[in-house]
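What follows is each chain in one-letter form.
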Amino acid sequence: MQVIHNYRQFPKNINTVVTIGTFDGVHIGHREILDQLISESKEKNLKSVLLSFFPHPRMVIQADNAIKLINTIEERIEILSKTELDYLVIHPFDKEFSNLSAFDFVRDVLIHQLNVKTLVIGYDHRFGKNREGDFEQLKEYSHTFEFDIKEIKAQDINNVAVSSTKIRNALKSGDPETAHEFLTVPYFIQGTVVKGKQLGSTIGFPTANIEISQAYKLIPKNGAYAIKATHESNHYQGMLNIGNRPTVNGKDKTIEVHLFDFDNDIYGEVLKIEFLHFLRAEEKFDSINALQKQLEKDKADTLSLLASISPNQTS
């Protein structure tokens with residue numbers, strides 16, 4: 001898969017079959033669209049293209065800084081690179097681009113730059129300034145500019161009862177299993193290990209504090225989780241806590257992970273953490289001793305849970 005960061009840089013004289021979308025999460029619904037796109041490209045001897053955007057359009061049009069995404073743009077590229085997609089075009093979404101009319105978008109982007117011969121698109125797709133364009137307009141433009149449309153029927157989409165919003169809501173409510181089901185792999189975060197208060201080491205549960213550099217990356221609901229972590233291609237079991245550490249009167253939100261049978265110094269290095277199960281909500285304990293006892297129970301629960309999960313249930 002070749003990644004192009006501006007539609008104007010797309011190679012000339014390559015005929016394409018194109019689909020459009022942000023594809024946050026690359027969930028099973030997205031994969032259904034990609035399967036149809038790639039199948040169509042092979043059948044017609046065209047190159048398959050996903051036209052995507054970054055930042056997310058809502059961040060620009062609605063100035064919605066509160067939206068949190070399932071994937072960072074780097075993660076999305078990594079996931080899509082494992083498909084048979086030929087080209088991923090990630091165009092910078094800004095106010096100027098958002099003001100393109102539906103007609104100009106089809107003419108200038110799809111026809112003149114991406115050389116589209118077939119467009120694979122959902123029945124409910126909207127595009128152009130103020131989302132003025134719809135499927136009926138696309139059918140009109142297909143005659144004007146002589147390209148085919150392959151419609152993803154309502155039934156095909158609705159039969160896969162999944163959306164990026166449903167996945168985000170599942171994670172916000174402490175339900176990583178549902179997110180896993182829709183994504184086909186566990187939800188994960190990647191971050192740098194930074195120094196924390198180091199209280200965990202004094203009670204037998206040393207933790208790595210994880211710093212996420214992308215503010216738009218979705219962090220699941222506060223609480224304790226059973227997790228799997230990857231460091232330099234090595235996999236570890238562990239548990240993780242997200243929250244403000246109320247037992248020690250913490251104020252800032254932290255992500256702290258305790259890895260079993262692991263005592264390496266990894267400050268400044270990157271951990272990938274997969275969320276497997278929500279253990280419990282964050283709570284304030286009466287004492288450090290009470291917290292320690294709860295952590296011992298959390299570890300026993302995590303080990304029992306992880307023992308019951310087959311290897312193919314994690315990525």
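Our structure is the block above this text.
Our subject in this report is the structure included herewith. Keep in mind that this is a model prediction, so the values were computed, not measured.

### Details of the pattern of salt bridges
Stage number 1. A full pass over the atoms with the stated rule returns 12 salt bridges.
Stage number 2. In this structure, arginine 280 and aspartate 298 form a salt bridge, with 2.8 Å as the shortest nitrogen-oxygen distance. Of this pair, arginine 280 sits in strand β12 (residues 270-280) while aspartate 298 sits in helix α11 (residues 288-308); the two residues are 18 residues apart in sequence, bridging distant segments of the chain. Assigned by exposure class, arginine 280 and aspartate 298 land together as buried.
Stage number 3. The network of salt bridges with shared partners includes Glu40, Lys44 and Asp148.

### Some details on the sheet that holds strand β1 (residues 2-4)
Stage number 1. Strand order in the open sheet formed by 6 strands is β1-β4-β3-β2-β5-β6, with parallel pairing between adjacent strands. Pairing within the sheet leaves two strands with one partner each, and these edge strands are β1 and β6 (148-152). The average undirected angle you get between the axes of adjacent strands in this sheet is 25°.
Stage number 2. Pairing of strand β5 (residues 116-122) with β6, which is carried by 5 bridges, proceeds in the parallel orientation. Residue pairing across strands places leucine 119 opposite isoleucine 149, the latter belonging to β6.
Stage number 3. Strands β2 (16-20), β3 (47-54), β5 and β6 of the sheet are contacted by helix α1 (residues 28-44), whose axis makes an angle of about 170° with β2.

### Overview of the side chain of glutamine 113
Stage number 1. Among the secondary structure elements, glutamine 113 is positioned in the loop between α5 (102-111) and β5.
Stage number 2. You can call glutamine 113 buried: its relative accessible area is 15%.
Stage number 3. Residues contacting glutamine 113, with those up to four places away along its chain left out, are Tyr7, Arg8, Phe10, Lys12 and Asp108.

### Let's talk about the packing of helix α8 (residues 164-172) against helix α9 (residues 176-183)
Stage number 1. Close contact between α8 and α9 brings their axes to 7 Å; oriented N to C, the two are set at 155°. Here α8 lies roughly antiparallel to α9, going by the angle between them. With respect to the hand of their crossing, α8 and α9 are arranged in left-handed fashion. Along the contact surface, α8 presents Lys166, Ile167, Ala170 and Leu171, while α9 presents Pro176, Thr178, Ala179, Phe182 and Leu183.
Stage number 2. Along the lines of polarity and charge, the residues of the contact of α8 with α9 split into 7 nonpolar, 1 polar and 1 charged.

### Regarding the packing of α5 against helix α6 (residues 135-145)
Stage number 1. Packing of α5 against α6 brings their axes to within 11 Å, and their N-to-C directions diverge by 50°. In this view, α5 runs oblique relative to α6, as classed from their interaxial angle. Two packed elements cross with a definite hand, and for α5 against α6 that hand is right-handed. Here Ala102, Phe103, Val106, Arg107 and Ile111 of α5 come into contact with α6, specifically with Gln137, Leu138, Tyr141 and Phe145.
Stage number 2. Taken together, the residues of the contact of α5 with α6 sort by class into 7 nonpolar, 1 polar and 1 charged.

### Overview of the pairing of strand β11 (residues 254-259)
Stage number 1. By the criterion of burial, β11 is predominantly enclosed, with 6 of the 6 residues buried.
Stage number 2. Side chains Thr254, Glu256 and His258 of β11 all project onto a buried face; the interleaved residues Ile255, Val257 and Leu259 project onto the opposite face, where all are buried too.
Stage number 3. Bridge count between strand β8 (residues 208-211) and β11: 2 bridges; the pairing is antiparallel. Bridged to asparagine 209 within β11 is glutamate 256.
Stage number 4. Of the strand pairs in this sheet, strand β10 (residues 234-243) and β11 are connected by 6 bridges, and their pairing is antiparallel. Bridge assignment links glycine 243 to a residue of β11, and that residue is threonine 254.

### As for α11
Stage number 1. When the terminal C-alpha atoms of α11 are compared, their 30 Å separation across 21 residues agrees well with the 30 Å that a helix rising 1.5 Å per residue should span.
Stage number 2. Residues of α11 that are buried make contact with β9 (223-231), β10 and β12.

### Some remarks on α1
Stage number 1. Between its terminal C-alpha atoms α1 stretches 24 Å, which fits the 24 Å expected from 17 residues at 1.5 Å a residue.
Stage number 2. Those residues of α1 that fall on the buried side of the exposure criterion are Gly29, His30, Ile33, Leu34, Gln36, Leu37, Ile38, Glu40 and Ser41.
Stage number 3. One or two steps after α1, the chain reaches asparagine 45, where phi turns positive at roughly 60°.

Conventions we followed
- Residues numbered from 1 in each chain as written.
- Predicted model: local features only at pLDDT ≥ 70, side-chain atom pairs only at ≥ 80, totals over all residues.
- Heavy atoms only, no water.
- Salt bridge = Lys/Arg side-chain N within 4 Å of Asp/Glu carboxyl O.
- Helix = DSSP H or I, 4+ residues; strand = E, 2+ residues; numbered from the N terminus.
- Buried < 20%, exposed > 50% of the residue type's maximum accessible area, 1.4 Å probe, protein only.
- Pairing = 2+ DSSP bridges.
- Axes fitted to C-alpha atoms, helices over the stretch in contact; angles between N-to-C directions.
- Contact = heavy atoms within 4.5 Å.
- Parallel < 35°, antiparallel > 145°, perpendicular 65-115°, else oblique.
- Left-handed = near helix turned anticlockwise from the far one by under 90°.
- Nonpolar A, V, L, I, M, F, W, Y, C, P; charged D, E, K, R; others polar.
- Expected span 1.5 Å × (residues − 1).

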